[in-house]
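These are the residues of each chain, in order.
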Amino acid sequence: MKKVILSVAILAAMGFTSCKNEAKEETVTTSNEVSKEMAMVDVAFGVRGNCGMCKSTIEKAANGVEGVFKATWDVDKKNVEVSFDDTKTDVLSIHNAIAASGYDTEEVAGSEQAYKDLPGCCKYDHEMEMNIE
């Protein structure tokens, strides 16, 4: 009889402990998700470029900035849409990163050396219209 009571007590203690830990994990996850949403900013701005290789380079440059969640460049519209955490970066830093890869943005001219190193298909017209609706 003592063994049965002791076994039930041990099982009950293990059950309470595991439930308690699960509740804590859910609370932490929820608070992290809320704080990420509050800091996220979406912007769009013009970037000159020509092709799929340009798209890859522009998006890689923007996504390489700490705090950027997602960057998508539209080949036809010549603009990039960026979602980022404004506590970790700002729009000018994203412009500068793209310009450093050789591409002109609405705010910053592309690096001349990086432009020279671009493949032939990526050498865009510096007078090209950007942010086409």
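Definitions and limits used
- Note that residues are indexed from 1 along each chain, following the sequence as it is written.
- Only residues with pLDDT of 70 or above have their local features reported here, since the model is predicted, and side-chain atom pairs are shown and tallied only from 80 upward, although totals for entire chains, interfaces and linings are computed over all residues.
- Note that the side-chain values use all heavy atoms of the structure and ignore hydrogens as well as water.
- Note on conventions: DSSP H or I runs of at least 4 residues are helices, E runs of at least 2 residues are strands, and numbering of each starts at the N terminus.
- Each residue gets one of three labels from its accessible area relative to the maximum for its type: buried under 20%, exposed over 50%, partly exposed in between, using a 1.4 Å probe on protein chains only.
- Any pair of residues with heavy atoms lying within 4.5 Å of one another is described as a contacting pair.
- Centres within 6.5 Å are what make two rings of Phe, Tyr or Trp a pair, Trp counting through its six-membered ring; a difference in plane orientation under 30 degrees is then read as stacked, over 60 as edge-to-face, and the rest as tilted.
- By the criterion adopted, a ring carries a charge over it if an Arg CZ or a Lys NZ lies within 6 Å of its centre and within 35 degrees of its normal.
- Fitted lines through C-alpha atoms serve as axes, helices being fitted only where they are in contact, and the angles separating the N-to-C directions of these axes extend from 0 to 180 degrees.
- Roughly parallel means an angle under 35 degrees; roughly antiparallel, over 145; roughly perpendicular, 65 to 115; everything else is oblique.
- Each helix crossing is assigned a hand: it is left-handed if the near helix lies turned anticlockwise from the far helix by less than a right angle, otherwise right-handed if that turn is clockwise.
- Note on residue classes: Ala, Val, Leu, Ile, Met, Phe, Trp, Tyr, Cys and Pro are nonpolar, Asp, Glu, Lys and Arg are charged, and everything else, Gly too, is polar.
- By definition, two strands form a pair when at least two bridges between them are found by DSSP.
- The quantity called pLDDT is the predictor's confidence in a given residue, expressed from 0 to 100.

A few words on the environment of Lys77. Take Lys77: it is sitting in the loop between β2 (68-74) and β3 (79-85). Accessibility expressed as a relative area gives 40% for Lys77, which makes it partly exposed. Between the alpha carbons of Lys77 and Arg48 there is a distance of 9.5 Å; along the sequence they are 29 residues apart. Those residues within four positions of Lys77 in sequence are excluded, and the remaining contacts are Met130, Asn131 and Ile132.

Next up on the list: the packing of aromatic side chains. Enumeration according to the criterion identifies two aromatic pairs in this entry. Considering the side-chain rings of Tyr103 and Tyr124, the 5.7 Å spacing of their centres and the 20 degrees angle between planes classify their relative orientation as stacked. Separated by 21 residues along the polypeptide, Tyr103 in the loop between α3 (91-100) and α4 (112-116) and Tyr124 in the segment after α4 bring together distant segments of the chain. For Tyr103, a relative accessible area of 0% gives the class buried. By relative accessible area, which is 2% here, Tyr124 ends up buried. Relative to Tyr124, the ring of Tyr115 has its centre 5.0 Å away and its plane inclined at 80 degrees; by these criteria the two rings are edge-to-face. Classification of Tyr115 as buried rests on a relative accessible area of 14%. Grouping aromatic residues by their ring pairs yields a cluster made of Tyr103, Tyr115 and Tyr124. The ring of Tyr115 carries the charged tip of Lys123 above its face, separated from the ring centre by 5.6 Å.

Three- or four-residue spacings in an α-helix give side chains the same orientation, since the helix completes a turn every 3.6 residues. Ile94, His95, Ala97, Ile98 and Ala99 are the residues of α3 that are buried. In this structure, the buried side of α3 is in contact with β1 (40-46), α2 (52-63), β2 and β3. Of the residues one or two after α3, Gly102 is the one with positive phi, at around 110 degrees.

A separate point is the packing of α2 against α3. Where α2 meets α3, the axes come as close as 8 Å, and the angle between the chain directions of the two elements is 140 degrees. By the angle between their directions, the pair α2 and α3 is classed as oblique. Crossing hand, α2 versus α3: right-handed. For the pair formed by α2 and α3, the contact residues are Ile58, Ala61 and Ala62 on the first element and Ile94, Ala97 and Ile98 on the second. Of the residues assigned to the contact of α2 with α3, the class counts are six nonpolar, no polar and no charged.

A sheet is described by the order of its strands in space; here three strands give the open sequence β1-β3-β2, paired in antiparallel fashion. This sheet does not close on itself; its edge strands, each paired only once, are β1 and β2. The mean angle between the axes of side-by-side strands here comes to 15 degrees, regardless of whether they run parallel or antiparallel. Two strands pair when backbone bridges link them, and β2 and β3 are joined in this way by six bridges, in the antiparallel orientation. Residue pairing for β3: Lys70 is matched across the bridge by Ser83. Against the sheet, α3 contacts β1, β2 and β3, and its axis sits at roughly 45 degrees relative to β1.

On to the confidence of the model for the chain. Residues with a pLDDT of 70 or more make up 74% of the chain, whose mean pLDDT is 84. Within the model, pLDDT remains below 50 along residues 19-32, and this stretch shows zero contacts once partners closer than five positions in the same chain are excluded.

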